[in-house]
Amino acid sequence: MEAPAAPHDAGDLQLTVTSPEQMRELGRRLAKLLRAGDLLMLSGELGAGKTTLTRGLGEGLGVRGAVTSPTFVIARVHPSLGDGPPLVHVDAYRLSGGLDEMEDLDLDVSLPESVVVVEWGEGKVEELTEERLQVVIHRAVGDTTDEVRQVTVTGLGERWGPVDLSVLAA
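Attention in this report is confined to the structure presented alongside it. (Residues numbered from 1 in each chain as written. Predicted model: local features only at pLDDT ≥ 70, side-chain atom pairs only at ≥ 80, totals over all residues. Heavy atoms only, no water.)

Here's the deal with the pairing of strand 6 (residues 132-139)
Then, number 1: Direction of pairing for strand 2 (residues 39-44) relative to strand 6: parallel, over a ladder of five bridges. When the sheet's bridge partners are listed, Leu40 is paired in strand 6 with Leu133.
Then, number 2: With eight bridges joining them, strand 6 and strand 7 (residues 149-156) adopt antiparallel strand pairing. Residue Leu133 lies in a different strand from strand 7, and its bridge partner there is Gly155. (Pairing = 2+ DSSP bridges. Helix = DSSP H or I, 4+ residues; strand = E, 2+ residues; numbered from the N terminus.)

Overview of the packing of helix 1 (residues 20-31) against helix 2 (residues 50-61)
If you want to describe how two helices pack, look at the angle between their axes and the distance between the axes.
Then, number 1: Where helix 1 meets helix 2, the axes come as close as 7 Å, and the angle between the chain directions of the two elements is 45°. The angle between the axes of helix 1 and helix 2 places the two elements in the oblique class. Relative to helix 2, the crossing made by helix 1 is right-handed. Residues Pro20, Met23, Arg24, Leu26, Gly27, Arg28, Leu30 and Ala31 of helix 1 touch helix 2, and the partners they reach there are Thr52, Leu53, Arg55, Gly56, Leu57, Glu59, Gly60 and Leu61. (Axes fitted to C-alpha atoms, helices over the stretch in contact; angles between N-to-C directions. Parallel < 35°, antiparallel > 145°, perpendicular 65-115°, else oblique. Left-handed = near helix turned anticlockwise from the far one by under 90°. Contact = heavy atoms within 4.5 Å.)

Below, the structure written as structure tokens:
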């Protein structure tokens with residue numbers, strides 16, 4: 001038996017976002033690259049813009065319902081208003097049990113037919129698939145009203161190898 005191949009790294013894309021509207025627009029552009037079965041893992045400090053980005057994804061995917069933080073319900077499903085995939089939005093911030101707690105959400109069941117976005121998923125969802133898009137949002141911390149965010153988008157796995165992430169910088 002061969003050792004599993006290491007995930008293919010499609011490279012990083014670095015972006016600077018200067019407003020919440022630009023973060024939503026980034027989500028709308030990113031939605032054009034997504035298809036059923038895609039997993040996005042969003043990382044960043046509180047208030048970095050993870051939910052704002054996901055709101056743009058929902059707009060771009062054309063899903064039903066307002067995309068808001070699912071912190072207290074853990075996960076929300078937004079069905080497609082057209083023929084696209086539904087959006088499953090998960091906030092794993094309050095989950096401490098790693099993959100065991102994540103398995104209770106049955107993400108592995110909904111992943112093949114949905115776009116699954118997991119906020120705070122580090123160390124909790126990597127085992128679902130080696131093919132994922134990691135989005136890390138950095139912002140200045142402390143007492144600041146600075147809206148500038150540094151966003152790093154990394155495609156992992158064969159799914160993301162041929163995808164030109166530079167279209168997100170348009």
